[in-house]
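Each chain, written out:
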Amino acid sequence: MSSKVNLFICLFILHLCAAASVRGHNIGIYEIKKGDFSVKVTNFGARIISVLLPDKYGKIGDVVLGYDTIEEYKNDTSSFGAIVGRVANRIGGAQFTLNGTLYKLIANDGNNTIHGGSKGFSHVIWKVSKYEKDGSNPHITLIYHSADGEQGFPGDLLVSVTYALKDPYKLSVVMKAKALNKATPVNLAQHTYWNIGGHTSGDILSNVIQIFASQITLVDQHLIPTGALSTVKNTAYDFLEPRKVGSQINKLQNGYDINYALDSSAKMKHVAIVYDKKSGRVMDLQASARGVQFYTANSLIKKGKGGYVYQPHAALCLETQGFPDAVNHPNFPSTIVTPGKNYVHKMLYTFSIKKY
């Protein structure tokens, strides 16, 4: 059978699966569980909607922000827990040129595009392709077919994410993408809002964080990268040594919302470590991406789970990613994926307890 026929059959099957899901509103909630460690996911936006684990007293708590109902996620504008794409973060002017063709995107952040457009991957129904709730290998894999021209992006793209629980208290996230017929930018990010003290514990300003990056990508007033990198030394962005999130936040206009260029060149890089003294919980993040967006939920005001109202700085996001607006900055590491060369983005969260 020819490769063209294979491609046609693949696209046809994906189209039928996507159409069936939309027609049937086939949205569900799926739990993966290992002992007293559990994660709940919905296939609407491939979102993490809860992470339950013990604190230093053995009390189980939910450490991610979210909602009680799927309807609230449908109306969500904060990307709670979602896989965002086709291109996470911002694209300046909502356009880019690739192989001599100008592509105009859906602008949903002033004149710019953010997180894939007005209907990015966070607001579509993904198909569950594999699911094992518990046992030795709890995991779930979700897939989505992004059509040529969706939100202005070129080419058909097959995307997947696998969430898996590992021993002890480890959450693995593996995002993959395959360009089926055209070169296209791909930059997927996992957008969970973390408060490891518990989602109702207030702000995260007393959390101690260390970020393994000595440079940031400078941005203009619209948070679009200028193309330049700048050292964090002697600035409020310096977390090379552990310190409280709020220790210098008052030096910034709104709070943290910036991409860090990670120092390591290893395949799996140390990204950040977060520690909450009150609960004793520690979150250690590693990833294969070149950058991480550190965001402190600066303008957040949302009624969340159980009616609890989340306020500004109620959580932090560590969105590992390619550099923002890389399609418009040739000096940034490329985010272009071509047919035959697959995209893989791995993350590993390791949770632990300090009892002192």
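For the structure itself, look to the data block above.
Residues numbered from 1 in each chain as written. Predicted model: local features only at pLDDT ≥ 70, side-chain atom pairs only at ≥ 80, totals over all residues. Heavy atoms only, no water.

Describing empty space enclosed by the protein
Empty space left among the atoms is revealed by rolling a probe the size of a water molecule over them. Within this structure, the stated rule accounts for three cavities of 30 Å³ or more. For the largest cavity, the calculated volume is near 50 Å³. Lining the largest cavity are Asn89, Arg90, Thr217, Val219, Leu223, Pro225, Asp257, Ile258, Asn259, Gln293 and Pro324. Put simply, the parts of the chain that give the lining of the largest cavity at least two residues each are strand E17 (215–219) and strand E20 (257–261). Broken down by element, the residue count for the lining of the largest cavity peaks at three residues, all from E20. Per-class residue counts for the lining of the largest cavity are five nonpolar, four polar and two charged. By volume, the second largest cavity amounts to about 50 Å³. For the second largest cavity, the full set of lining residues is Val87, Ala88, Arg90, Ile91, Asn187, Phe323, Pro324, Asp325, Ala326, Val327 and Thr335. (1 Å grid on protein atoms, 1.4 Å probe; cavity = no way out; pocket = protein on both sides within 12 Å on 5 of 7 lines; lining within 4 Å. Points joined across faces, edges and corners; volume = space filled by probe spheres on them. Helix = DSSP H or I, 4+ residues; strand = E, 2+ residues; numbered from the N terminus. Nonpolar A, V, L, I, M, F, W, Y, C, P; charged D, E, K, R; others polar.)

Section: the layout of surface pockets
As a volume, the largest pocket reaches approximately 520 Å³. Contributing to the lining of the largest pocket are 25 residues, with Thr77, Ser78, Ser79, Ile114 and His115 lying nearest its centre. Broken down by class, the residue content of the lining of the largest pocket amounts to five nonpolar, 14 polar and six charged.

Honestly, it's all geometry; don't read function into it.
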